[in-house]
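One letter stands for each residue in the lines below.
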Amino acid sequence: MPHTNRRIFLKQYREGLPLLEDFGVEDSEIADVPAGHVVVKVDTLSMDAWIRTTLTPGSFHETAGLGTTIRALGVGQVVESADPALAVGDWVYGMLAAQTHALTPAAALTKLDLSNSLKPADYVGPLGLTTGLTAWVGLVAVADVKGGDTVLVSGAAGAVGSMVVMLAKARGARVIGIAGGPAKCRYLTEKLGADVAIDYKNADLAAEVAAAAPDGIDVFFDNVGGEILDVALANLAPADARIAICGAISQYSDLANVRGPRNYLKLAERNATMKGFVVTHYAARLPEAKAEIAALMQEGKLDLPEHMVEGIDHFAEALLLLFAGGHTGNLLVRP
């Protein structure tokens, strides 16, 4: 039987932040399933900062074509299969996009392991490629965090930032989180266990970071870029500090005029390193990451809060909420 799919597509490009009117919604029918393909009923979509970069021509992620469904990673359940590798009822993860039903090659999907009390949504959360696994790779594989390190995290109340805070604490680090507003700062200290929370909207950021890290920052995990990166560079530990560049959400609305680090000479002065990373380049270490995160979840030492938006029609609203920082924890859409 055909499947009715409701999807969100890009109607027009816009300089700066997109508006709701830049997105459209439509229904279509999936009548035929070619060999090697499956139909997936989408269960949960991950709202990630990289999606923003696909909405601008010439971005460093693949630009969305006008009329195409907005790309997004998600989990769902197979409802029709024309590939022996996946059966009806299997749960899968992949680029399911902003829609209720995805017709996609089976080879492009990963079958989920739901043993050990794991839930499908965990794979767009603590075990998600762009959330928990990204946090682990940046913190462990790139920044080589150690017990006793002072770790500074920007965008600390978001999905990746929240995971970095919890993972760093679990590994014995002292954690300073940067977020916007008193409520988010309370979330960092009371919910996630950060040692210090700095409200960049209502404080002298440079002074607060210097006071919170009098001996300097050993690890900086950056999700924001811009001024915050410069403040971190100015407050590095005397030797061997490590900076992991995960993202720069403060710069995504004007990619033609990205602000670079003004204090980069501190890298030479402090014998420090700064490295950008893409999680997929560390595929060989992802089993290690999954094992550590799953163990912490089962021990009750890691619990990533969710902010769930219901209904595919509200996908664009959720995306704008992400850009505005109007959430804490892992922002998700359930179609």
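See the structure above.
Notes on the structure in this doc start here. (Residues numbered from 1 in each chain as written. Predicted model: local features only at pLDDT ≥ 70, side-chain atom pairs only at ≥ 80, totals over all residues. Heavy atoms only, no water.)

Side note on the pattern of salt bridges
Here's step 1: Inspection of the entire model under this criterion finds 16 salt bridges.
Here's step 2: Taking the shortest distance from any N to any O, the salt bridge between Asp144 and Lys146 comes out at 2.7 Å.
Here's step 3: For Asp144, a relative accessible area of 42% puts it in the partly exposed group.
Here's step 4: By relative accessible area, Lys146 is classed as partly exposed at 41%.
Here's step 5: Close ionic contact of Arg285 with Glu288 constitutes a salt bridge, the shortest N to O distance being 3.2 Å.
Here's step 6: A relative accessible area of 38% places Glu288 in the partly exposed class.
Here's step 7: One continuous salt-bridge network, built from bridges that share partners, spans Arg6, Asp27 and Asp313. (Salt bridge = Lys/Arg side-chain N within 4 Å of Asp/Glu carboxyl O. Buried < 20%, exposed > 50% of the residue type's maximum accessible area, 1.4 Å probe, protein only.)

Looking at the state of the cysteines
Linking two cysteines covalently via their sulfur atoms produces the bond known as a disulfide.
Here's step 1: The final tally for this structure, using the stated rule, is zero disulfides.
Here's step 2: Of all cysteine sulfurs, the one in Cys246 lies closest to Cys185, which takes part in no disulfide; the gap is 20 Å.
Here's step 3: The exposure class assigned to Cys246 is partly exposed, which follows from its relative accessible area of 26%. (Disulfide = S-S within 2.5 Å.)

A short note on the side chain of Asp230
Here's step 1: Its place among the elements puts Asp230 in helix H6 (residues 227–234).
Here's step 2: You can call Asp230 buried: its relative accessible area is 6%.
Here's step 3: In terms of polar contacts, Asp230 uses its side chain to reach the backbone amide nitrogen of Asn263, at 2.9 Å. (Helix = DSSP H or I, 4+ residues; strand = E, 2+ residues; numbered from the N terminus. Polar contact = N/O pair within 3.5 Å; in protein donor to acceptor, adjacent residues only side chain to side chain.)

Some points on unusual backbone geometry
Here's step 1: A positive phi angle is found at Asp144, which is not glycine, with a value near 50 degrees.
Here's step 2: Take Asp144: it is sitting in the loop between helix H2 (132–142) and strand E8 (150–153).
Here's step 3: Unlike most non-glycine residues, Asn271 shows phi in positive territory, near 55 degrees.
Here's step 4: Within the secondary structure, Asn271 is located in the loop between helix H7 (266–269) and strand E13 (273–276).

Description of the packing of aromatic side chains
Here's step 1: Within the structure shown, the criterion is met by one aromatic pair.
Here's step 2: Relative to Phe277, the ring of Phe221 has its centre 6.1 Å away and its plane inclined at 70 degrees; by these criteria the two rings are edge-to-face. Of this pair, Phe221 sits in strand E11 (residues 219–222) while Phe277 sits in the loop between E13 and helix H8 (286–298), and the two are 56 residues apart along the sequence.
Here's step 3: Taking relative accessible area as the criterion, Phe221 reaches 0% and is therefore assigned buried.
Here's step 4: If you follow Arg52 out to its NZ or CZ, it ends over the ring of Phe323, 6.0 Å from the centre. (Phe/Tyr/Trp six-rings, centres within 6.5 Å; stacked < 30°, edge-to-face > 60°. Lys NZ or Arg CZ within 6 Å of the ring centre and 35° of its normal.)

Focus: the nonpolar core
Here's step 1: Membership of the largest hydrophobic core comes to 81 residues, with the highest contact counts inside it found for Ile70, Leu139, Leu167, Phe315 and Leu319.
Here's step 2: If sequence neighbours within four positions are ignored, Phe315 has contacts with Ile8, Leu45, Met47, Ile70, Ala72, Ala98 and Val333.
Here's step 3: Counting 21 residues, the second-largest nonpolar core is a separate cluster that includes Val209, Ala213, Ala232 and Ile243. (Core = buried A, V, L, I, M, F, W, Y, C linked by side-chain atoms within 4.5 Å. Contact = heavy atoms within 4.5 Å.)

A short note on the pairing of strand E10 (residues 196–199)
Here's step 1: As paired elements, strand E9 (residues 174–179) and E10 share four bridges and run parallel to each other. For Gly177, the partnering residue across the bridge sits in E10 and is Ala197. (Pairing = 2+ DSSP bridges.)

Digging into the sheet that holds E9
Here's step 1: Strand order in the open sheet formed by six strands is E10-E9-E8-E11-E12-E13, with parallel pairing between adjacent strands. Both edges of this open sheet fall to E10 and E13, since each of them pairs with a single strand only. Taken pair by pair, the neighbouring strands of this sheet meet at an average axis angle of 15 degrees, ignoring direction.
Here's step 2: Packing of H2 onto the sheet brings it into contact with E8, E11, strand E12 (242–245) and E13, and relative to E11 it is tilted by some 150 degrees.
Here's step 3: In the packing of helix H5 (residues 205–212) onto the sheet, contacts are made with E8, E9 and E10, and the angle to E10 comes to roughly 170 degrees. (Axes fitted to C-alpha atoms, helices over the stretch in contact; angles between N-to-C directions.)

Overview of the packing of helix H3 (residues 159–170) against H8
Here's step 1: Running from N to C, H3 and H8 cross one another at 85 degrees; their axes reach a closest spacing of 12 Å. Comparing their axes, H8 and H3 come out roughly perpendicular. Each of Met163, Leu167 and Ala170 in H3 lies in contact with H8, whose residues at this interface are Glu292, Ile293 and Leu296. (Parallel < 35°, antiparallel > 145°, perpendicular 65-115°, else oblique.)

Some words on H3
Here's step 1: In a regular helix each residue adds 1.5 Å, so twelve residues correspond to 16 Å; H3 covers 17 Å between its end C-alpha atoms and thus fits that length.
Here's step 2: Burial within H3 is extensive, with ten of its twelve residues counted as buried.
Here's step 3: All of the buried residues in H3 are Ala159, Val160, Gly161, Ser162, Met163, Val164, Val165, Met166, Leu167 and Ala168.
Here's step 4: Trailing H3 by a residue or two, Gly172 shows a phi angle of about 85 degrees, which is positive. (Expected span 1.5 Å × (residues − 1).)

Details of the environment of Asp122
Here's step 1: Turning to its location among the elements, Asp122 is positioned in the loop between strand E7 (110–111) and H2.
Here's step 2: A sequence separation of 78 residues divides Asp122 from Thr44, and the C-alpha atoms of the two residues are 9.9 Å apart.
Here's step 3: The contacts of Asp122, once residues within four sequence positions are left out, are Leu127, Gly128 and Met297.

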